[in-house]
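Structural overview
Spelled out from the first residue to the last, the chains are:
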Amino acid sequence: MTTLLHIQCSPRKQRSASLETARHFIDRYRQHRPQTQVETLDLWSLPLPEFDEEAMNAKYAGLSGTPLTPAQQNAWDGLKALAAHLHRADVLVLSVPLWNFSIPYKLKHFIDLVSQKDILFSFDPERGLQGLLKGKTAVVAYARGMDFSGGSLTPAATFDFQKPYVEAWLNFIGVTDVHGLTVEKTILGEDVDRASRSAAAQQARALADALNR
Ligand SMILES: Cc1cc2nc3c(=O)[nH]c(=O)nc-3n(C[C@H](O)[C@H](O)[C@H](O)COP(=O)(O)O)c2cc1C
């Protein structure tokens, strides 16, 4: 059985282009693999803990090999429980809106919580940094309001810190089989939005087919 984790990073549930595109992918994926178990992590309804002083001290105690206090251990256990969602999944599907050239703060919050040594990566002087998520596939549905093609007002080379950041993070934690689905121009009028969503839906279904060939 395949476990698919859908990480939802848009607060809007009805009109979200990143959620809509990911759902097209997931629906088609499940047609190929009806046994797929889908787990959802909605970062807007999940009470994400603060990365507070206890968590920070736990992180640095771990790095220096110092035993954790009970409060630090408690904070650390919370981070591990959150990261366990990623460890359990075979396929990670992320729905990521573009906000101010980058990712929504809820996703950054999640990344700051779970990206810890011996939770999502390891480090030793000989082998360096190694991601701990192995053998997984990631599919990321990126939604953007504007046009990011070359020659547009907001070309990706200068205005896109969303896709490069998410890809760098996934690679850092060990996920190298990464596929992107892009839905752009969602704020350039109803017709343009509809055409973009429809093209992204097609892309999503084609990717689900390709991954199951
Ligand atoms: C706070 C905020 C900031 C945004 N910043 C940008 C931006 O920098 N560039 C852009 O093209 N679109 C921007 N948008 C538009 C969104 O990327 C667009 O509405 C996208 O469809 C959002 O994803 P969603 O439909 O999954 O919610 C922004 C939207 C919000 C709410």
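The text that follows walks through the structure, step by step, so that each part is easy to find. As the structure is a computational prediction, the values presented were derived from the model and not from experiment.

Here is what the cut-offs are and how they apply
Residues numbered from 1 in each chain as written. Predicted model: local features only at pLDDT ≥ 70, side-chain atom pairs only at ≥ 80, totals over all residues. Helix = DSSP H or I, 4+ residues; strand = E, 2+ residues; numbered from the N terminus. Rg over C-alpha atoms; globule rule 2.2 N^0.38 Å. Buried ≥ 20, exposed ≤ 12 C-beta atoms within 10 Å, placed from the backbone. Contact = placed C-beta atoms within 7 Å. Core = buried A, V, L, I, M, F, W, Y, C linked by C-beta atoms within 7 Å. Near = placed C-beta within 6 Å. Nonpolar A, V, L, I, M, F, W, Y, C, P; charged D, E, K, R; others polar. Expected span 1.5 Å × (residues − 1). Arc of directions from axis to C-beta. Pairing = 2+ DSSP bridges. Axes fitted to C-alpha atoms, helices over the stretch in contact; angles between N-to-C directions.

1. Overview of the overall build of the protein
In terms of helices and strands, the protein carries seven helices and seven strands. Along the protein, helices and strands appear, N-terminal first, in the series β-α-β-α-α-β-α-β-β-β-α-α-β-α. Here the C-alpha atoms of the protein give a radius of gyration of 18 Å, agreeing with the 17 Å that 2.2 N^0.38 yields for 213 residues. With respect to the three principal axes, the spread of C-alpha positions in the protein is 60 × 40 × 35 Å. Within the span of the protein, comprising 213 residues, buried residues form 32% of the whole. For the protein, the proportion of contacts with a sequence separation of at least 24, taken over those separated by at least 6, is 76%.

2. Observations concerning the nonpolar core
A general tendency of soluble globular proteins is for nonpolar side chains to be buried together. In this structure, Phe25, Leu92, Val93, Leu94, Val96, Val140 and Ala141 are the most contacted members of the largest nonpolar core, which totals 46 residues. Apart from the residues within four sequence positions on either side, Val140 is in contact with Leu94, Val96, Val166, Val178, Gly180 and Leu181.

3. Some details on the site of the ligand
With respect to spatial proximity, 18 residues lie near the ligand, and among them Ser18, Pro97, Ala143, Gly145 and Met146 are the closest. No other element matches helix α1 (residues 17-32), which puts three residues into the shell around the ligand. For the shell around the ligand, the residue count by class is nine nonpolar, seven polar and two charged.

4. Some thoughts on helix α2 (residues 53-64)
Given a rise of 1.5 Å per residue, 12 residues ought to cover 16 Å, and the 16 Å separating the end C-alpha atoms of α2 matches this to within 8%. Every buried residue of α2 is listed here: Glu54, Ala55 and Ala58. When α2 is viewed along its axis, its buried side chains cluster within an angular range of 100° and face the same direction. Opposite the buried face of α2, by more than 90 degrees, sit the exposed residues Glu53, Tyr60, Leu63 and Ser64. Where α2 ends, the next residue or the one after it, Gly65, has phi of about 75°, a positive value.

5. Side note on the environment of Ala84
Tracing the sequence through the fold places Ala84 in helix α3 (residues 70-88). Taking the number of C-beta atoms within 10 Å as the measure of exposure, Ala84 has 12 and is therefore exposed.

6. Remarks on helix α7 (residues 190-211)
Here α7 contains 22 residues, and its C-alpha end-to-end distance of 31 Å stays within 8% of the 32 Å for a straight helix at 1.5 Å per residue. Of all the positions in α7, only Ser196, Ala200, Ala204 and Ala208 are classed as buried. Buried residues along α7 cover an arc of 110° about the axis, so they all sit on one side. The exposed set on the far side of α7, more than 90 degrees from its buried face, consists of Asp191, Arg194, Ser198, Gln202 and Ala210. Against α1 and β7 (177-183) lie the buried residues of α7.

7. Let's talk about the sheet that holds strand β3 (residues 91-97)
One open sheet accounts for five strands, arranged β2-β1-β3-β6-β7; its pairing is parallel. A strand with exactly one partner marks an edge of an open sheet, and here the two such strands are β2 (37-42) and β7. Sheet twist, expressed as the average angle between the axes of neighbouring strands with direction ignored, equals 15°. Alignment of strand β6 (residues 137-143) against β7, held across seven bridges, turns out to be parallel. In the sheet register, Ala138 faces β7, and the bridge partner there is Val178.

8. A short note on the pairing of β6
Most of β6 sits inside the fold, with six of its seven residues counted as buried. Where β3 lies against β6, seven bridges are found, and the strand directions are parallel. In the strand pairing of β6, Leu92 is matched with Ala138.

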